[in-house]
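Chains, contacts and geometry: an overview
Here are the chains, one letter per residue:
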Amino acid sequence: MLRPSTQRYSVTRPLYSEDTFEDEHAKVYRKHKRLCIYYLFASCTSERAKNTAVSLLPIIGWMKIYSIKDWLLNDIVSGVSTGLVAVLQGLAYSLLASISPWYGLYAAFFPVIMYFFLGTSRHISVGAFPVLSLMVGAVVTRLVPDEGLPANITAFEGLTKDEQRILVSASLTFLVGLFQLGMGLLQVGFIVMYLSDTLISGFTTAAAVHILVSQLKFVLGLTVPGFSGPLSIIYTLKSLFTQITSTNIHDLVTSIVVMVMVLGVKEINDRFKSKLPVPIPIEVIMTVIACGVSYAFNFSENHGVDVVGKIPNTFESPIAPSLQVFQMTAVEAFPIAIVGFSVAFAVAKVYSVKHDYLIDGNQELIAFGASNIFGGAFKSLAASTALSRSAVQESTGGKTQIAGLLSALIVLVVILGIGFLLEPLPKSVLGAVVIVNLKGMLMQVVTVPYLWKKDRPDCIVWVGTCLAAIFLGLDLGLAVGLGLELLTVVFRVGFNPLRILRKRNKAVKKIKKMIKKGELTLTSNGLQATCSMPIEESEDESNMEDLDKPTDYSDLPIQVNWSADLPANIRVPPVNIHSLILDFSGVSFLDISALKGLKALKEFIRVSVDVYIVGCDPYIIEKLRNCKFFDDEIKTSIFFLTIHDAMLFIHESHPPKTVSEEVNKTV
């Protein structure tokens, strides 16, 4: 952490464009080695090998600075607390995936082990995530429906329905891991930039609605078949309401009591988090109480309550994924991979900023890819991070992924030792816990009025993504959201300089023609029309190529002020900016398409909008020279070293006239 200091430093230097900087400072040309084999061996130093190892195994980096005295106790407390929550959420979220509860425990163990070595975040809790579990469940019920025959997959032969579902879930998780690992190796972590916070918010709210509806059958104690595809939520609600009179009152009362207690204590945790050493683990407490009551009164046999049931006290053997499942689920696996990574990266970024360390998006993709491949081989659910579980790991004092490793050990103890104690746990309790944890995602809906007031295109993206994901399904909803986001980008671009240039050229031609015919005369107030209606110009008279050229003001007796009203009702869209700055600090190369795109800068210049490029690599400027990019209109003088240099130059070129104008420009 940087400590505040009373010392200050200031830098004073001339305003530099690339041209002036090059004039004052000679270029230094480095000699590059051309012999590839020599370069390979010469550059393979011990320092570079160490840096490569640290980048691939981030554990090496933070283990070197690990303070046993200051951090270990915090990690132990955090690991135990997170482990207890992970057990409960693992059981609960497996219900969303339509598989047996104990497989959710595997998601809290196997992926955590792999992420411990490969992950760059020190605070997220890896494991089952409700949205991912729901998306996996949609695929599982599509291939192995509750009613009817399963998909025609050779590997299903000789397997029970539960075993078929586990094969689908494990193979899908494995495929998700392959997608994530591939994207990480290809260094495409930037892909999350195309998923805006607005899109993710709308998508996760829709997912929360799906999760809520899917858990009602456990809360009400009803048997509802799983539906998938568009309008599946409508079919589920229809099935629920047709059976509403068969509600199991014991399940309903148990769920209501659990939800009220958990919500109440969570509110206390939020209000007094500064005074509480650790949050009250109310979910774990209610689970223990529910298990005891269910066992004492034999809820399962006496009252028909659906319970977790037998939990094996051993790990099942690993399985090979099915290639046929790969083929049938590839379309769903890719969005699952994207959503899982996006959510995990967003949470990791929050904690990395808070605790002042760096995370690497590409390495996170590799870490989650390897985690899901490893977990999929051992029948685990697709892993990401749950916001509430990560909050527990961080708020209880967790410093590193040692807390995550200890949470996995707690899960291991439950699987191998005391899992049988959870066998009488009613599934309605798990459903209630899931619903309570949806509060944060469901409350995102309150941002809609704010978005409507502040940014309507963003509001449209939110509402469109949410509604599409609710009614069409999460996979199609995500695709619709991306489409809406791309459309809003197109509509936000601003004015079209070429369209304005053509309008101006048409207007100048019309003015010249009217002056020539005596229909416009020059007065002290400017050009005045001598007739009430302007002469309409036919399309044949306008050559489109001429209209794209710089405006020809010759033969005009007066300078045209495009900001003022033009004579004879001639209308041209106004241009409300005078300068445009392009930040090229993130541009590493240019291809032919980019060069053609940059040629469009002429259109801005021709409508009197000055264009400046800042932070450009000298290699790119040299390439532009070699490609004959510069001419009489686009000159090297548009390049500046920094944004600040360009801003100072713009202020010199366009000084504000009044204080109020300066304020308006700033706003």
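Per an unreviewed UniProt entry, the protein chain is named Solute carrier family 26 member 3, tandem duplicate 2, and its organism is Cyprinus carpio. As stated in UniProt under Subcellular location (unreviewed entry), the record for the protein chain gives "Membrane".

**A few points about the overall build of the protein chain**
The number of helices and strands found in the protein chain is 30 helices and seven strands. Buried positions account for 44% of the 667 residues belonging to the protein chain. If you take every contact in the protein chain between residues at least 6 apart in sequence, the share linking residues at least 24 apart comes to 82%. A total accessible area of about 35,500 Å² is found for the protein chain, and carbon and sulfur atoms account for 63% of it.

**What about the sheet that holds strand 7 (residues 639-640)?**
Pairing within the open sheet is parallel, and its three strands lie in the order 5-6-7. Two strands close off the open sheet at either side, each with one partner strand: strand 5 (579-583) and strand 7. Bridge count between strand 6 (residues 610-614) and strand 7: two bridges; the pairing is parallel. By the bridge assignment for strand 7, I613 is matched with F639.

**Examining the pairing of strand 6**
Along a regular strand, successive side chains alternate from one face of the sheet to the other. The buried fraction of strand 6 amounts to four of the five residues, a majority that puts the element mostly inside the structure. Crossover connection from strand 6 via helix 28 (residues 618-626) to parallel strand 7: handedness right-handed.

**Quick word on the confidence of the model for the protein chain**
In the predicted model, the protein chain carries a mean pLDDT of 85, and 89% of its residues have values of at least 70. Taken element by element, the predicted model of the protein chain shows its lowest mean pLDDT in helix 30 (residues 659-666) (46) and its highest in helix 9 (residues 161-185) (95). This model gives residues 662-667 a pLDDT under 50, and the stretch forms four contacts once residues within four places in sequence are excluded.

**A closer look at the packing of aromatic side chains**
Tallied over the entire structure, the rule returns 25 aromatic pairs. Each ring, one from F630 and one from F639, has its centre 5.8 Å from the other, and the planes form 75 degrees; the classification is edge-to-face. Judged by its relative accessible area of 1%, F639 is buried. Ring pairs connect the aromatic residues W102, Y103, Y106, F109, F110, F315, F374 and F378, which therefore count as one cluster.

**Here's the deal with the packing of helix 15 (residues 323-355) against helix 16 (residues 361-377)**
Between helix 15 and helix 16, the least distance of the axes is 10 Å, while the angle of their chain directions is 125 degrees. Between helix 15 and helix 16, the angle falls in the class oblique. Between helix 15 and helix 16 lies a crossing of right-handed hand. Residues F341, A344 and F345 of helix 15 touch helix 16, and the partners they reach there are G361, E364, L365 and F368. Considering only residue class, the contact of helix 15 with helix 16 consists of five nonpolar, one polar and one charged.

**Side note on the side chain of E18**
Topologically, E18 is positioned in helix 1 (residues 18-24). Other than its neighbours up to four places away in sequence, E18 contacts C616, I621, F639, F640 and L641.

Procedures and definitions
- Residues numbered from 1 in each chain as written.
- Predicted model: local features only at pLDDT ≥ 70, side-chain atom pairs only at ≥ 80, totals over all residues.
- Heavy atoms only, no water.
- UniProt positions renumbered as here; feature names shortened; annotations may be inferred.
- Helix = DSSP H or I, 4+ residues; strand = E, 2+ residues; numbered from the N terminus.
- Buried < 20%, exposed > 50% of the residue type's maximum accessible area, 1.4 Å probe, protein only.
- Contact = heavy atoms within 4.5 Å.
- Areas by Shrake-Rupley, 256 points an atom, 1.4 Å probe, with all protein chains shown as cover.
- Pairing = 2+ DSSP bridges.
- Right-handed = clockwise from strand over helix to strand, strands pointing away.
- pLDDT = per-residue confidence, 0-100.
- Phe/Tyr/Trp six-rings, centres within 6.5 Å; stacked < 30°, edge-to-face > 60°.
- Axes fitted to C-alpha atoms, helices over the stretch in contact; angles between N-to-C directions.
- Parallel < 35°, antiparallel > 145°, perpendicular 65-115°, else oblique.
- Left-handed = near helix turned anticlockwise from the far one by under 90°.
- Nonpolar A, V, L, I, M, F, W, Y, C, P; charged D, E, K, R; others polar.

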